[in-house]
Amino acid sequence: MFRNGKSLTGLAILGFFTVLAVFGDLIAPYGPLDKDFTALKQPPSGQHWLGTTHMGEDVLSQIIYGTRGVLVVGFVSGIIATLVAVVVGVTAGYVAGWRSESLSALTNVFLVLPGLPLMIIVASQYENPSLLLISTVLAITGWAWGGRVLRAQTMSLRNRDFIQAARANGEPIHRIIAVEMLPNLTAIIASSFVGTVTAAVLGLTTLAFIGVIPITNLNWGTILFWAQQNGAFPDYWWWYVPAGLCIALLGMALSLVNFGIDEYVNPRLRSAGERARAARRKGYKVTSGVTTVSDRPDLLDRSVAPPLPDSPAPDGVDTSQVATEGEDEETIATGWPHRSV
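Keep in mind that this is a model prediction, so the values were computed, not measured. (Residues numbered from 1 in each chain as written. Predicted model: local features only at pLDDT ≥ 70, side-chain atom pairs only at ≥ 80, totals over all residues. Heavy atoms only, no water.)

**Q** Explanation requested: the overall build of the protein chain in the structure shown.
**A** Counting its secondary structure elements, the protein chain contains 16 helices and zero strands. Out of the 341 residues in the protein chain, the part that is buried amounts to 38%. In the protein chain, the proportion of contacts linking residues at least 24 apart, taken out of those at least 6 apart, comes to 67%. Carbon together with sulfur atoms contributes 63% to the accessible area of the protein chain, which is approximately 18,400 Å² in total. (Helix = DSSP H or I, 4+ residues; strand = E, 2+ residues; numbered from the N terminus. Buried < 20%, exposed > 50% of the residue type's maximum accessible area, 1.4 Å probe, protein only. Contact = heavy atoms within 4.5 Å. Areas by Shrake-Rupley, 256 points an atom, 1.4 Å probe, with all protein chains shown as cover.)

Below you can see the structure in the form of C-alpha cells.
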C-alpha cells in the first residue's frame with residue numbers, strides 16, 4: 001500500500017489537513033472572527049493570502065479553523081456508521097432464518113429514509129448541536145448502503161470451503177466472523193468507510209450551507225453560507241473557491257487511499273500493480289497496446305527481419321504478427337515480449 005503512488009498521494013493530503021486541524025491555532029495568522037474594517041472584501045494579498053470577507057475577516061484563518069470540525073465530524077461519523085454496517089451486515093449475511101430477514105428489513109428501512117430531511121429535523125431541534133450529535137445523525141442516515149453490500153458479500157462467503165471447515169471444527173460464530181470472514185471483507189469495509197466519511201463531509205457542509213447548523217460552529221460549509229448570504233457569487237471568488245477546493249481535495253484524498261487499500265487486499269490487483277511497476281522501472285510503457293519490433297533492435301536478430309517499406313513481404317510471413325504484438329503478462333513480468341512467427 002505504501003508503494004502505491006495513489007495511496008501515498010491521498011495519505012499526504014490527509015496528513016496536510018490533519019496538521020491544519022491539530023495545529024490550527026498555531027498556523028492561522030489571525031483569529032477566525034478577527035475583523036479588519038480597513039480591508040473589506042479584499043482580494044488575496046500579502047497581508048491576507050486568501051482575501052477577506054465582508055467584515056474584514058481573514059478567509060485563510062477561517063479555512064484552517066474550519067478544518068477541525070470537518071475532520072472530526074467526517075471520521076467520527078465514518079467510524080460509527082462502519083461499525084453499525086459491519087455488525088448488522090455481516091450478522092445478517094451469516095445467520096439464516098428470521099434473524100437474517102429481520103436485519104435485512106431493518107437495513108431496507110434505513111435505505112429508504114430521506115437522509116437530508118431527517119438530518120435537518122434532528123439538527124434543528126437543538127440550539128447549538130455538538131459535533132458528536134451531528135456525527136451520530138449523519139452516521140444513522142449513512143450506514144445502510146455499506147450494511148447492504150456487506151450482507152451480500154457475507155452470504156457468498158458463508159458457503160466457502162474454509163468457512164465450512166471452521167464450522168465443522170466447532171469454531172464459535174464470533175471467531176468465524178472475526179478471523180475467517182472480516183479479513184476477506186477488508187476492501188468492502190474500507191470502501192464503506194471512505195464513502196461514509198465523504199458523505200458525512202458533504203452532509204455537514206450542506207447543513208451548514210442551508211443554515212441549519214449555528215454559525216458559531218465554524219466549518220467549510222459555514223464559509224460558503226456567509227459567502228452566499230452576502231452576495232459573494234460570482235465576483236468575490238476568493239471567499240468561496242478555497243472552501244470548495246478543500247471539500248474536493250478531501251474527497252479525492254479519501255478515494256486515493258481507498259484505491260491503495262483495495263490493491264493491497266486484492267491479490268489480483270496487487271500482482272498487476274507489481275508487474276506494472278516492474279515494467280516501468282525497466283523503461284516500458286505498460287499502457288501501450290502494441291510493441292513494435294523495429295523499436296527493439298535486439299529482437300531483430302532472432303526474428304524475421306522486417307522488409308523495407310517499398311519491398312513486398314516474404315512468402316508465408318505475416319508481417320503484422322512480426323511488427324506488432326499485444327503486451328501480455330509475460331511481457332510485464334519479464335520485460336521480454338514473447339514472439340511467435
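**Q** How do you make sense of the packing of helix α3 (residues 59-94) against helix α7 (residues 144-157) when you look at a structure like this?
**A** When two helices pack together, their arrangement is captured by the angle between the axes and the distance separating the axes. Close contact between α3 and α7 brings their axes to 7 Å; oriented N to C, the two are set at 35°. Crossing angle aside, the handedness with which α3 passes α7 is right-handed. Contacts from Ala-85, Val-86, Gly-89, Val-90, Ala-92, Gly-93 and Tyr-94 in α3 reach Gly-146, Gly-147, Leu-150, Arg-151, Thr-154 and Met-155 in α7. When grouped by side-chain class, the residues that make up the contact of α3 with α7 number seven nonpolar, five polar and one charged. (Axes fitted to C-alpha atoms, helices over the stretch in contact; angles between N-to-C directions. Left-handed = near helix turned anticlockwise from the far one by under 90°. Nonpolar A, V, L, I, M, F, W, Y, C, P; charged D, E, K, R; others polar.)

**Q** I tried to follow unusual backbone geometry on my own but got confused; where do I start?
**A** Glycine aside, negative phi is the norm for most residues, and most peptide bonds take the trans geometry. Across the junction of Phe-233 and Pro-234, the peptide omega takes the value -10°, indicating a cis bond. The backbone phi angle of Lys-41 is positive, close to 50°, even though this residue is not glycine. Secondary-structure assignment places Lys-41 in the loop between α2 (24-27) and α3. Overall, Lys-41 belongs to the partly exposed group, its relative accessible area being 26%.

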